[in-house]
Amino acid sequence: MTEWTASRGRGRFTALIFGGPALAGLAIFLVLPFLMALALTFTNQRLVSPQATEFVGLRNYERLLSVTALVQAPVDDGAGPVWPRVRDVTRADPAYAGYRPLTGFSLGTRRVTILAKDPAFLRALLNTFVFALLVVPLQCVAALGLALLVDAGLKGQTVFRAICFSPVVMSMVIVSVIWSFLFDRDLGLFNKALGMVSFGLIEPVDWLGDPRTAMPAIVIMSAWQGAGFQMLILLAGLQGISQELYDAARIDGANAVQRFRHITLPGLRQTIVFVLIVTTIAALGLFTQVDVMTGGGPRGSTGTVMFEAVQRGVREENISYGATIALIYFALITCVILLQQLWLRRRARRAA
Amino acid sequence: MNTRRLLIALTLSCAVLTSCGPGRTPDRRTELVLWKNQVGLQEEAATVALIDRFNASQSKWRVVAQSLPQGGYNQSIVAASLAGRMPCVLAVDAPMVASYAWAGHLRPLDGQVPAATLAQVSPAAVGRYRGAAYAVGQTDAALAIFTKRSILAQTGTRIPTLDRPWSGAEFQTLLERLKASGRFRYPLDLSTRDDKASWWTYAFAPMLNSFGGDLIDRRSMRSAQGTLNGPAGQRFGTWFRALFADGMVNRNEPDENAFVKGRAALAYTGNWWASDYRAHAGDDLLILPPPDFGHGVVIGGGSWQWAIGRTCAHPDGAGQFIRFMLEPGNIAALSDAGGGVPVTEAGAAASRAFRPGGEGRVFFDLMRRFARERPSTPAFPTISNAFTAAMRDIMDRKDVRDALDDAVDDIDGAIADNPAFAEERP
């Protein structure tokens, strides 16, 4: 009994010694700042201010998340139905003080406008998830394709691997600047190529200047930049699959597609799960590309949550509001990752 | 081998403990720490030379300069202030003077720099807050319209002067003729490629002023309602929106050289491009005042300025340094090296480019006659971001009134959250 306790105690001690430095680092650089940010969200702290910090309760959260709707009946001014201008209503009616239009739709003859106190944040939230939804599959499939290609035993595959990996090593700022040139409306490579292929039939697209194409353009560029990293991880996973399985399958007469479907994919399951999670987390932190290539524009179509947090918290010096954005986002990302984990685990269990 | 290792070790420890270096005489002068932003090599060298000259002339003070990267300069100041380690003399970007003064980082220049000296300085180059001067620059920048004599001749447009600038209508006609000529896909370059709030506010708020609007009501500094989104602001916004919708301006030029490469006929930018443009166009180059949209020509004013830290133990030393920097010869030396516009008549007269008859004299005249400082309020960072966001939205075809209302709500909201921003001015 005592011996057991002693050995258990010693084990705990050893664990503390080995884990201590890492735990201390986590506590000082992760847990403590997080708790400080949490405390900030209930205040009106600014970056530069001679004023004492005041407790403001849930004001920051209320501003960030308030959503309401404005239903307007048409006013007939003789020339057909007209709805009063939304901003005139919201700025005059104290009930709508601080609200701005987010989006709207019509319901019969009535016009419904969804209002939010911070539409830019909600739009940024949507943009970020759209980005993740687009970039994660694209990047992972591209990475898998590259990994298979590099693993196929072609000549000069080391060179090929280096080429595929080189964008990852480059600074994101530099990549962003170069791709801004490629996406340029009048002189960019993509429009020139599109024009040449279609003999001038395809009109030049203002990739980064059109709210419809700006986010897809950033998705393509980000997938290109990031795929090399996932490729490397998947490559390691591929090389971990026993060659004997492939040999056995070949003897059984399985073709390439069957081998991929029944050996490669199941063999890579854990790697793919890891790659998916890492890519999702990286995608949800989208900032540099937006900051360099579009500055959140055109008309807020590429603003992301991280971009908003920096914009409000650092550039406008409203650090308590920036902290609130970061905190809510942290909670959201945690939920997303937990759901993703749960879903993947259930799939794995069903498969097994 | 061993002796060599010993030598290396000795050298290293010498580098760490500079005290064992030979030839260091003890300095009994009082050290004044100076912080400045990193700038171009020549300007950096000129400032360092000026500081050396000051130190050589001194038996009492010795200025120790440190250059900080411009990107994180503001954060460094804020951090230093929070940590109670502010330098004695510091360079401050003009739009931040009010913020710093309000936050108590700075000490007024009263008593250190005589009012008579400040009166010589171009008004926009003096950083004031609530009636007190807190900072003063040696050089400033000036915006102008750059074009070529030959281009104006081909379109039959008169050459405007400082006394008779283009009207808004004349400018519009010129743009339409240039566009119709087919030679220029986008006749005007407004440097909208630069998406930083500092450029957008510096470049386009003066145009708003010329239309009769402003970023905020400067008398009360409490609200932007009516001044930013009023009829004048809406006229300005509508005009600005049409520039992009009609293809007069490219929202994102692929590089900064639209004028030099002949893609644009007109460039609206500052004196810092003058030498490149002169090299490109030679005698054909015209440097013109921006158009008068109804309320006079206005250009932005206020660049990096010298200020004294609030906690400085020797403000008289800091004051002496700033007075030294404002001597005409020293202003001219910095201007000659960095290309900035001297802020005083005497400084300009002593400089190479900006003396009467000098090739850059027009910038000095533009600055003296038309420069308007940014609204001096600690809310300026918010104002600048809100205005920039609104103008970029308008460029991208957002409804002008909605965009300006958004900006006003941002500005007024920030001021309402921080009542001290708008306290009564003395």
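Keep in mind that what you see is a predicted model, and the values were worked out from it rather than measured. (Residues numbered from 1 in each chain as written. Chains lettered and ligands numbered in written order. Predicted model: local features only at pLDDT ≥ 70, side-chain atom pairs only at ≥ 80, totals over all residues.)

Re the domain arrangement of chain A
Thinking step 1. Domain boundaries in chain A define domain 1 (67–116) and domain 2 (120–351).
Thinking step 2. Summarising the inter-unit geometry, the C-alpha centres of domain 1 of chain A and domain 2 of chain A are found 39 Å apart. (Domains from an automatic or database assignment.)

Here we look at the sheet that holds strand S4 (residues 100–107) of chain A
Residue and element names in this part refer to chain A.
Thinking step 1. Taken in spatial order, the three strands make up an open sheet running S1-S5-S4, and their pairing is antiparallel. Two strands lie at the open edges of the sheet, namely strand S1 (67–72) and S4, each paired on one side alone. Adjacent strand axes in the sheet meet at a mean angle of 25° when their direction is disregarded.
Thinking step 2. Across the sheet, helix H4 (residues 119–151) touches S4 and strand S5 (110–116), and the angle it forms with S4 is around 75°. (Pairing = 2+ DSSP bridges. Helix = DSSP H or I, 4+ residues; strand = E, 2+ residues; numbered from the N terminus. Axes fitted to C-alpha atoms, helices over the stretch in contact; angles between N-to-C directions. Contact = placed C-beta atoms within 7 Å.)

Remarks on the interface of chain A and chain B
Thinking step 1. In this assembly, 22 residues from chain A lie in contact with 23 residues from chain B.
Thinking step 2. For the side of chain A that touches chain B, a count of residues per class yields seven nonpolar, six polar and nine charged. (Nonpolar A, V, L, I, M, F, W, Y, C, P; charged D, E, K, R; others polar.)

With respect to the domain arrangement of chain B
Residues and elements named next belong to chain B.
Thinking step 1. Annotation of chain B at the domain level lists domain 1 (30–138 + 302–360) and domain 2 (143–300 + 376–422).
Thinking step 2. On the side of domain 2, 10 residues touch domain 1, which itself brings 10 residues to the contact.
Thinking step 3. Of all the secondary structure elements, the ones that give two or more residues to the side of domain 1 that touches domain 2 are helix H4 (97–103) and strand S5 (126–129).
Thinking step 4. A per-element tally of the side of domain 1 that touches domain 2 places H4 first, with four residues.
Thinking step 5. When the residues that make up the side of domain 1 that touches domain 2 are grouped by side-chain class, the tally is six nonpolar, three polar and one charged.

So, the sheet that holds strand S8 (residues 143–148) of chain B
Thinking step 1. On the basis of which strands lie adjacent, the open sheet formed by four strands has the order S9-S10-S8-S11 (chain B) and mixed pairing. Single-partner strands in this sheet number two, and they are strand S9 (188–189) and strand S11 (285–288) of chain B.

Some points on the packing of helix H8 (residues 197–211) of chain B against helix H15 (residues 380–395) of chain B
Residues and elements named next belong to chain B.
Thinking step 1. With their axes 9 Å apart at the nearest point, H8 and H15 run at an angle of 80° to one another. One finds that H8 runs roughly perpendicular with respect to H15. Touching Ala197, Trp200, Thr201, Phe204 and Ala205 of H8 are Ser384, Asn385, Phe387, Thr388 and Met391, all from H15.
Thinking step 2. Looking at the contact of H8 with H15 residue by residue, the classes come out as six nonpolar, four polar and no charged. (Parallel < 35°, antiparallel > 145°, perpendicular 65-115°, else oblique.)

A word on the nonpolar core
All names here are of chain B.
Thinking step 1. Core analysis: the largest hydrophobic core is formed by 133 residues, its most contacted members being Val89, Val97, Val136, Ala142, Leu188, Ala407 and Ile411.
Thinking step 2. Per element, the largest residue contribution to this core is nine residues, and it comes from H15.
Thinking step 3. Beyond its immediate stretch of four places on either side in the chain, Val97 contacts Val92, Gly127, Tyr129, Tyr134, Ala135, Gln305 and Ala307. (Core = buried A, V, L, I, M, F, W, Y, C linked by C-beta atoms within 7 Å. Buried ≥ 20, exposed ≤ 12 C-beta atoms within 10 Å, placed from the backbone.)

What to know about the pairing of strand S13 (residues 304–309) of chain B
Residues and elements named next belong to chain B.
Thinking step 1. With respect to burial, S13 is a largely interior element, six of its six residues being buried.
Thinking step 2. Bridge analysis of strand S4 (residues 106–107) against S13 gives two bridges, and the strand direction is antiparallel. Considered in S13, the bridge of Arg107 is made with Ile308.
Thinking step 3. Where strand S6 (residues 132–136) meets S13, two bridges bridge the pair, whose relative direction is antiparallel. The residue of S13 that forms the bridge with Val136 is Trp306.

Quick word on the confidence of the model for chain B
All names here are of chain B.
Thinking step 1. For chain B, the mean per-residue pLDDT works out to 89, and 93% of the residues sit at or above 70.
Thinking step 2. Note that pLDDT drops below 50 for residues 14–24; the model gives that stretch two contacts with residues more than four away or on any other chain.
Thinking step 3. Scoring of the predicted complex yields 0.86 for pTM and 0.80 for ipTM. (pLDDT = per-residue confidence, 0-100.)

Some thoughts on helix H6 (residues 172–182) of chain A
All names here are of chain A.
Thinking step 1. Every buried residue of H6 is listed here: Val175, Ser176, Trp179 and Ser180. The arc enclosing the buried residues of H6, seen along the axis, measures out at 140°, which places them on a common side. Opposite the buried face of H6, by more than 90 degrees, sit the exposed residues Ile174, Val177, Ile178 and Phe181.
Thinking step 2. Buried residues in H6 make contact with helix H5 (157–169), helix H8 (214–239) and helix H11 (288–293). (Arc of directions from axis to C-beta.)

A short note on the packing of H8 of chain A against helix H10 (residues 256–284) of chain A
All names here are of chain A.
Thinking step 1. It is the contact of H8 with H10, at a shortest axis distance of 9 Å, that shows an interaxial angle of 160°. Here H8 is positioned roughly antiparallel relative to H10, judged by the angle of their axes. Between H8 and H10 the crossing geometry is right-handed. Listed contacts from H10 to Gly226, Gln230, Ile233, Leu234, Gly237 and Leu238 of H8 are Leu268, Thr271, Phe274, Val275, Thr279 and Ala282. (Left-handed = near helix turned anticlockwise from the far one by under 90°.)

Considering unusual backbone geometry
Thinking step 1. One non-glycine residue with positive phi stands out, namely Arg299 of chain A, at about 50°.
Thinking step 2. Along the chain, Arg299 of chain A turns up in the loop between H11 and helix H12 (305–315).
Thinking step 3. With phi around 55°, Ser191 of chain B is a residue other than glycine that occupies positive phi space.
Thinking step 4. Here Ser191 of chain B is to be found in the loop between S9 and H8.
Thinking step 5. Of the residues examined, Ser191 of chain B has 18 C-beta atoms within 10 Å and is grouped as partly exposed.

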